Amino acid sequence: MFLFIAIPIVSVFIQSLHIEHKQVIIVSENCDPFGCETTTSVDTEASAKLKEKAPLGKFNGFKTYSNRMHFAFDEIGEAWNSSDSFIVFVKKIYNFPLYRALSFTLTYTFVVTPFVLFLGFLVALGVNNLPKLLKGPTIFASLLPMIVTPLVGSLILFWMVDGDGVIGATLQKLFNDNSLSLKASPVLTWVMLMVYGIWHLMPFSFIVFYAGLQTVPHETIEAATIDGASKFQRTRHVVIPHLMPLAIFITLILLMDNFRVFEPIISFRAEAHATSISWLIWNHLRESAYPLYNAAGATSMITIFCVGILLLPVLIRTWRDFNEKNKG
Amino acid sequence: MNTKIENKLTPVRIIAFVFVALWLIVAMFPFIWTLWGSFKVQADFFSKADWANAIFGFHTEKQTGNFFTIDGYYGSWIEEEFWRAVINTSIVVFFTVLISLTFGTLGGYALARSTYRYAFWILMAGLIFRAMPHMTLVSGYLQPFFAWNVWGILPTTIIVLVAINQPFTLWMLHSFFLNIPKDLDESAMCDGCNRFQAFRYVIIPIMWPGVITTGLFSFLLAYNDFTVTSMLLSDENETMIPAIASFLGTVQEEGKVMYAVAAVVSATAPLFFLVMFFQRQIVSGLTAGAVKG
């Protein structure tokens with residue numbers, strides 16, 4: 001018994017080392033007081049060494065957070081003072097990379113998630129009505145958009161909506177506008193990315209809902225039928241309440257996945273019009289002349305903070321459930 | 001429960017039918033289109049004049065004398081040395097799956113059998129890890145890897161992928177082992193096995209369904225990863241997905257988009273067969289965490 005508790009502890013320790021490293025590095029980059037306090041002595045040494053080596057690692061307090069690349073407090077204050085209307089102010093804010101990325105990421109997350117939930121549910125209902133013979137192939141075909149590598153999947157779509165690609169060219173013909181390009185306009189780029197997101201994630205919610213539909217108790221449905229409930233009423237009052245916990249689960253996973261949207265932006269080459277937080281970090285690390293570790297670190301911390309806020313309700317809920325289960 | 005009433009064609013059923021058919025077209029069409037198009041020349045695949053060109057290969061026939069051409073595949077695999085990326089991908093994927101399954105099985109089993117509270121915390125950690133954008137983790141890894149001079153080689157990437165994958169593997173195998181009744185290994189221990197023997201002779205023979213499902217997902221994570229591999233691997237070591245991404249940069253200008261198209265199809269093909277053969281496991285894996293709540 002001891003052995004089998006020790007092994008996962010070791011493996012968890014290895015994992016925790018990985019997290020520790022990450023914390024050390026972030027500390028060494030922008031040394032926020034929270035991080036510095038929590039590191040162990042060995043790690044502090046390592047990060048101190050790194051700090052000596054890396055000129056970027058010198059103590060900077062929260063300045064990285066408040067500079068132009070991130071929260072840009074000073075610039076916002078200036079913009080607030082200099083702009084005469086609220087719209088101008090918002091437009092100015094939108095020019096700062098972090099707010100740009102944040103606005104796209106949040107919009108993406110909160111548009112794609114409900115769409116995926118709703119459409120996935122509809123498809124699940126539809127497939128549930130299919131004859132048995134067709135179900136297998138249908139599920140197979142449905143799985144593909146999700147299983148395929150995000151970068152590859154979005155590339156495939158990207159080529160199709162290209163001005164010379166099949167969808168792009170057809171759209172141009174439909175609207176009789178040869179210069180119409182989905183890539184040139186910001187709005188269309190956003191729409192395109194979100195359509196891709198829905199296409200990519202819908203199979204997930206479909207599969208989970210479909211599995212949930214198999215567990216709906218038959219007796220309840222029959223009882224509702226006998227009581228005169230129509231098909232719609234049965235769905236509304238029996239099936240949906242039964243699937244509610246699943247919907248919460250899917251929402252949670254979708255929020256997490258959507259929040260880190262990254263690959264489609266690369267393959268759609270949409271960074272001119274839409275950037276996400278993950279893309280911002282990538283850009284800090286990759287596209288600059290030399291990697292901006294502190295900027296990337298600060299953006300990462302902000303991201304982690306945002307994820308924390310997104311997940312907090314769920315975490316609290318799980319904690320409560322777990323406690324209740326243990327008591328009962 | 002296929003009673004007569006349920007098989008009757010009602011308007012609702014027809015709507016459902018049409019809706020599913022629509023979804024199938026949306027889901028499948030891009031793949032079929034690209035697969036078909038990958039055997040054509042660029043003038044056909046990106047045919048502004050007439051999309052039918054891409055189907056019948058008008059320009060392909062003119063340029064190469066046949067409806068089908070494997071120029072794209074030849075170009076990407078041989079000229080651009082895509083095979084190197086394929087080999088790298090195989091190495092990374094194989095070891096990632098192997099290592100994360102080894103740790104995941106042992107750890108998941110121990111977690112499922114222990115009664116302490118830390119099981120909850122590990123699962124919570126798993127959840128949080130699942131939520132973190134991988135990019136934030138990678139940005140943390142990058143600097144020490146440069147410092148230790150281990151950047152750009154395959155083992156580093158494998159370790160990082162395993163670390164990212166591990167919470168998920170633990171979580172899945174944990175819930176899988178919970179489903180195996182405790183009585184089973186307890187009775188083995190009554191018969192004189194020690195804990196390890198109980199695991200070896202009782203649990204290992206029946207754990208394969210769960211391990212295969214988890215392995216599939218580890219495979220997908222390692223195979224599909226772009227964030228980690230693109231940041232942590234040097235050019236000669238890069239795997240398929242970053243290789244495709246870098247095709248885009250270099251190839252677009254030369255009018256060799258078809259190379260990238262061929263590479264994309266080559267990268268998708270294994271996934272296609274994977275879904276075909278392991279559909280049941282993938283579905284059960286996706287729903288395992290959910291249906292149990």
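Residues numbered from 1 in each chain as written. Chains lettered and ligands numbered in written order. Predicted model: local features only at pLDDT ≥ 70, side-chain atom pairs only at ≥ 80, totals over all residues. Heavy atoms only, no water.

(A) Structural view of the overall build of chain A. Along the backbone of chain A there are 16 helices and 0 strands. Split into buried and exposed, the 328 residues of chain A put 51% on the buried side. The long-range fraction of contacts in chain A, counting pairs at least 24 apart against all pairs at least 6 apart in sequence, stands at 69%. Only carbon and sulfur atoms are counted for the fraction: they give 68% of the accessible area of chain A, which is about 15800 Å². (Helix = DSSP H or I, 4+ residues; strand = E, 2+ residues; numbered from the N terminus. Buried < 20%, exposed > 50% of the residue type's maximum accessible area, 1.4 Å probe, protein only. Contact = heavy atoms within 4.5 Å. Areas by Shrake-Rupley, 256 points an atom, 1.4 Å probe, with all protein chains shown as cover.)

(B) Broad picture of the packing of aromatic side chains. Under the definition given, this model contains 13 aromatic pairs over all chains. Judged by centre distance (5.0 Å) and plane angle (75 degrees), the ring pair of Phe104(A) and Trp190(A) falls under edge-to-face. Taken together, the residues Phe104(A) in helix α7 (residues 97–129) and Trp190(A) in helix α11 (residues 186–214) connect sequence positions 86 residues apart. Of the two residues, Phe104(A) and Trp190(A), neither departs from the other in class, the shared state being buried. Taking the centre distance of 5.6 Å and the plane angle of 25 degrees together, the rings of Trp199(A) and Phe31(B) count as stacked. Here Trp199(A) is found in helix α11, whereas its partner Phe31(B) is found in helix α2 (residues 11–37) on a different chain. Residue Trp199(A) is classed as buried on the basis of its relative accessible area of 5%. By the ring-pair criterion, three or more aromatic residues cluster together here, those being Phe104(A), Tyr108(A) and Trp190(A). (Phe/Tyr/Trp six-rings, centres within 6.5 Å; stacked < 30°, edge-to-face > 60°.)

(C) How the structure looks around the confidence of the model for chain B. Looking at chain B, the pLDDT average stands at 75 and 73% of residues meet or exceed 70. Here residues 1–5 of chain B scores under 50 on pLDDT; set against residues more than four positions off or in separate chains, the count is 4 contacts. (pLDDT = per-residue confidence, 0-100.)

(D) Spotlight on the nonpolar core. The biggest cluster of nonpolar side chains holds 145 residues, and the ones touching the most others in it are Phe104(A), Leu143(A), Phe204(A), Phe268(A) and Phe177(B). Top element by residues in this core is α11(A). It accounts for 16 residues. In this structure Phe268(A) touches Ser154(A), Leu157(A), Phe158(A), Val161(A), Met192(A), Leu193(A) and Tyr196(A), once residues within four positions along its chain are discounted. (Core = buried A, V, L, I, M, F, W, Y, C linked by side-chain atoms within 4.5 Å.)

(E) Fine view of helix α8 (residues 132–147) of chain A. The first and last C-alpha atoms of α8(A) sit 23 Å apart over 16 residues, in line with the 22 Å expected at 1.5 Å per residue. All of the buried residues in α8(A) are Lys135(A), Thr138(A), Ile139(A), Phe140(A), Ala141(A), Ser142(A), Leu143(A), Leu144(A), Pro145(A), Met146(A) and Ile147(A). (Expected span 1.5 Å × (residues − 1).)

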